[in-house]
Amino acid sequence: MAVPDYETLMRPTLAALADGQPKTRGQLREAVAPVAGVFGEDLERMLPSGKATVFGSRVGWALTYMSQAGLVSRPKRGVYLITDRGRHVLDGQPDRVDNKVLAQFPEFLEFKTRRNDKGEPVGLQGDPQSTTVAALSPTEAIERLIADADDAIAAELLDRVLAQAPAFLERLSLRLLKAMGYGGKEALLTHTGKPGDAGLDGIIRQDALGLDLVGVQAKRYDRDSSVQRPEMQAFVGALQGAQTSRGVFVTTGRFSGGARLFAEQVPLRLVLIDGTELTRLMVRYGVGVAVKETFQLKSVDDDFFEDSDL
């Protein structure tokens, strides 16, 4: 039989974690394959890129989407555990777990309705919205699918950042700003943060003499927690103490309306980067991610057919 789609593989993958033991993707593939009826050539069938099997890829996407709904957790790299929510869904859905089931959870709805850079909804493979890909040009279809994949990676990145110590976010913020071109060719960025420090976590010198400074603050908050006005006021005070009028405030959480309003009203240039924007920028500038596959989109070479020497 053909390899089932990733939604069909959700429930058997979740069931394979029901014993509460952590499992790697390889262990899950081995456990799910016989349950899903995937054997022989179907089990070995490769993606067009030749870098992964179709079955392994679809199990991976099933895990990605279930993790965004909170059914599965990742205690460490490449390892998965079922959550209490996952057990509840497994008990309540004896036949099938798919995107419709995941849609009952707000975390998944937020993930599903994120917008790409063009302001368009990012669809999920298997959703009715994804059928519109057939009406697009090949270039547009590839861009849509890549945006879909990037959004899934961005959501996973936030989980990984939140699992690290607070100082990791400070260093990550500086590395991201460096990748974005801050600090100039000499990359003059200094990590100044320390535990309990009420000042800045980093300083960017846009010129070698340090005449043009940008202050950086990074706060690791839960994804649903917000930076409030007092934290923004303290940030502005730290910027003034460093004799700079520009700053970047990064958080894994959100910014309250009061914090954003204050940032807009003060006579300083402030950039606020919340958790969603942080991980989107990480994907865009290649920080914490690696290129997994490369595809070539070809077209007819008109010059070839106009060459009279052939």
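Residues numbered from 1 in each chain as written. Predicted model: local features only at pLDDT ≥ 70, side-chain atom pairs only at ≥ 80, totals over all residues. Heavy atoms only, no water.

Q: So what's going on with the sheet that holds strand S8 (residues 246-251)? Which residues, and what values?
A: Ordered in space as S4-S5-S6-S8-S10, the 5 strands form an open sheet in which the pairing is mixed. Each of the sheet's edge strands pairs with one partner strand only, and the pair in question is strand S4 (189-191) and strand S10 (269-273). Across the sheet, the mean angle from the axis of one strand to that of its neighbour is 15°, orientation sign disregarded. Across 5 bridges, the pairing between S8 and S10 is parallel. Residue pairing for S10: Val 248 is matched across the bridge by Val 271. (Pairing = 2+ DSSP bridges. Helix = DSSP H or I, 4+ residues; strand = E, 2+ residues; numbered from the N terminus. Axes fitted to C-alpha atoms, helices over the stretch in contact; angles between N-to-C directions.)

Q: How would you summarise helix H9 (residues 166-179) if you had to cite specific residues and measurements?
A: Here H9 is 14 residues long and its end C-alpha atoms lie 20 Å apart, about the 20 Å a rise of 1.5 Å per residue gives. Listed in full, the buried residues belonging to H9 are Leu 169, Glu 170, Leu 172, Ser 173, Leu 174, Leu 176 and Leu 177. Just beyond H9, the residue with positive phi is Gly 181, at close to 105°. (Expected span 1.5 Å × (residues − 1). Buried < 20%, exposed > 50% of the residue type's maximum accessible area, 1.4 Å probe, protein only.)

Q: Pulling in residues and values, what's your account of the environment of Gly 199?
A: The topology assignment puts Gly 199 in the loop between S4 and strand S5 (202-205). Gly 199 has contacts with Gln 217 and Ala 238, leaving out every residue within four places of it along the chain. (Contact = heavy atoms within 4.5 Å.)

Q: With reference to specific residues and values, describe a nonpolar patch on the surface.
A: The grouping of Ile 142, Ile 146 and Leu 297 at the surface amounts to a nonpolar patch, some 260 Å² of accessible area in total. Its location among the elements puts Leu 297 in the loop between helix H12 (275-284) and helix H13 (302-305). (Patch = residues over 30% accessible without salt bridge, like charges linked within 9 Å, V, L, I, M, F, W, Y side chains within 5 Å. Areas by Shrake-Rupley, 256 points an atom, 1.4 Å probe, with all protein chains shown as cover. Salt bridge = Lys/Arg side-chain N within 4 Å of Asp/Glu carboxyl O.)

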